[in-house]
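Observations on chain architecture
Residues per chain, in single letters:
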Amino acid sequence: PNFYELHNNIAIILQKIGKLDSAIEHLNEALLINPSFTEAIHNLGSLYKELGDFKKAYDCFESTLKNDSNYFEAHRSIGNLQMEMGFLDLSLISFKKVLEFNPNYIEVLNNLGSVYKDLGNFDESLEVFERALAINPNYLEVLNNLGLTLIELERFSDAIVIYKKAIAINPNYSYAYNNYGIALN
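First, a word on what this report is: a plain description of the structure on this page. Here the structure is a predicted model, which means the values were calculated and not measured.

Describing the overall build of the protein
Across its full length, the protein carries 11 helices and 0 strands. Overall size of the protein, expressed as C-alpha extent along the three principal axes, is 60 × 30 × 25 Å. Sorting the 185 residues of the protein into buried and exposed places 45% on the buried side. The contacts of the protein with a sequence gap of at least 6 include a subset with a gap of at least 24, amounting to 44%. Working note: accessible area of the protein is about 9,800 Å², and carbon and sulfur atoms make up 51% of it. Where the 14 positive side-chain charges of the protein centre and where its 24 negative ones centre are 2 Å apart.

Here you go:
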């Protein structure tokens, strides 16, 4: 039996119910049985990130890539970590690497567009958000971030249209209401 996979699956469940320390114990057990179990290494990094230990998280994500350079979720995780830590230029590299593996990964397109926006590269931001909306025109986070980019460009009437669309898709999406109000002012 593949008990290392069982430990990994138990860890996933424990993480979902907030028992992070127990989840880490199970992932470490999985890695004792199979030290090269890529998914467990990556999951351990995700847990450390959730606990705020960015160094350990980054080390796990890097170990994941050393184990399997094609494990694109590790590139995504590194990009998210870099974005959260304010290393926006580095996160661009990581997100672009993910898109080499999966060019339609909408969450990564959303993050890439947001990073471009935060760096003030509004044309690139708009291009990436439009690309994401071509994949899923109703993706709320992309609509929200597209609207924020339009506000930055002082294209308020365009932002209002975007936020009205987001509200029509989900009347409970509070970010759309908040940013709609900003666009109106």
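Structural notes on unusual backbone geometry
Positive phi outside glycine occurs at Glu154, with the angle close to 60°. The residue Glu154 is located in the loop between helix H9 (140-152) and helix H10 (156-169) in this model.

Things to note about the pattern of salt bridges
Within the structure shown, the criterion is met by 6 salt bridges. Note that Lys49 and Glu84 form a salt bridge whose closest N and O atoms lie 2.9 Å from each other. A residue pair is termed long-range when its members are at least 10 positions apart, and Lys49 in helix H3 (residues 38-50) and Glu84 in helix H5 (residues 72-85) qualify at 35 residues. Owing to a relative accessible area of 24%, Lys49 belongs among the partly exposed residues under this scheme. Residue Glu84 is classed as partly exposed on the basis of its relative accessible area of 48%.

Side note on H10
Its 14 residues give H10 an end-to-end C-alpha distance of 20 Å, which sits within 8% of 20 Å, the value for a rise of 1.5 Å per residue. Among all positions in H10, only Ala159, Ile160, Ile162, Tyr163, Ala166 and Ile167 are buried. In a view along the axis of H10, the buried residues occupy a sector of 165°, so they form one face of it. In H10, the exposed residues that point more than 90 degrees away from the buried face are Ser157, Val161 and Ala168. Of the surrounding elements, those touching the buried residues of H10 are H9 and helix H11 (174-184).

Details of H9
The end-to-end C-alpha separation of H9 is 18 Å, in line with the 18 Å expected for 13 residues at 1.5 Å each. Those residues of H9 that sit buried are Leu140, Val142, Leu143, Asn144, Asn145, Leu146, Gly147, Thr149, Leu150 and Ile151. Following H9 by one or two positions, Glu154 adopts a phi angle in the positive range, close to 60°.

Notes on the environment of Ile167
Among the secondary structure elements, Ile167 is positioned in helix H10. Residues Ile167 and Pro137 lie 30 residues apart in sequence; the distance between their C-alpha atoms is 13 Å. Those residues in contact with Ile167, other than ones at most four positions away along the chain, are Ala176, Tyr177 and Tyr180.

A closer look at the side chain of Asn80
Within the element layout of this structure, Asn80 appears in helix H5. Classification of Asn80 as buried rests on a relative accessible area of 16%. With residues near it in sequence (within four places) discarded, Asn80 still touches Lys49, Phe95 and Asn111.

Overview of a nonpolar patch on the surface
Together, Phe3, Leu6, Leu32 and Ile33 make up an exposed nonpolar region whose accessible area comes to about 420 Å². Mapped by element, the contributors of at least two residues to the nonpolar patch are helix H1 (3-16) and helix H2 (20-33). Within the element layout of this structure, Phe3 appears in helix H1. The class for Phe3 is partly exposed, based on a relative accessible area of 45%.

Calculation rules
- Residues numbered from 1 in each chain as written.
- Predicted model: local features only at pLDDT ≥ 70, side-chain atom pairs only at ≥ 80, totals over all residues.
- Heavy atoms only, no water.
- Helix = DSSP H or I, 4+ residues; strand = E, 2+ residues; numbered from the N terminus.
- Buried < 20%, exposed > 50% of the residue type's maximum accessible area, 1.4 Å probe, protein only.
- Contact = heavy atoms within 4.5 Å.
- Areas by Shrake-Rupley, 256 points an atom, 1.4 Å probe, with all protein chains shown as cover.
- Lys, Arg positive; Asp, Glu negative; His and termini not counted.
- Charge placed at Lys NZ, Arg CZ, Asp CG, Glu CD.
- Salt bridge = Lys/Arg side-chain N within 4 Å of Asp/Glu carboxyl O.
- Expected span 1.5 Å × (residues − 1).
- Arc of directions from axis to C-beta.
- Patch = residues over 30% accessible without salt bridge, like charges linked within 9 Å, V, L, I, M, F, W, Y side chains within 5 Å.

Take it as geometry only, folks, not as evidence of what the structure does.
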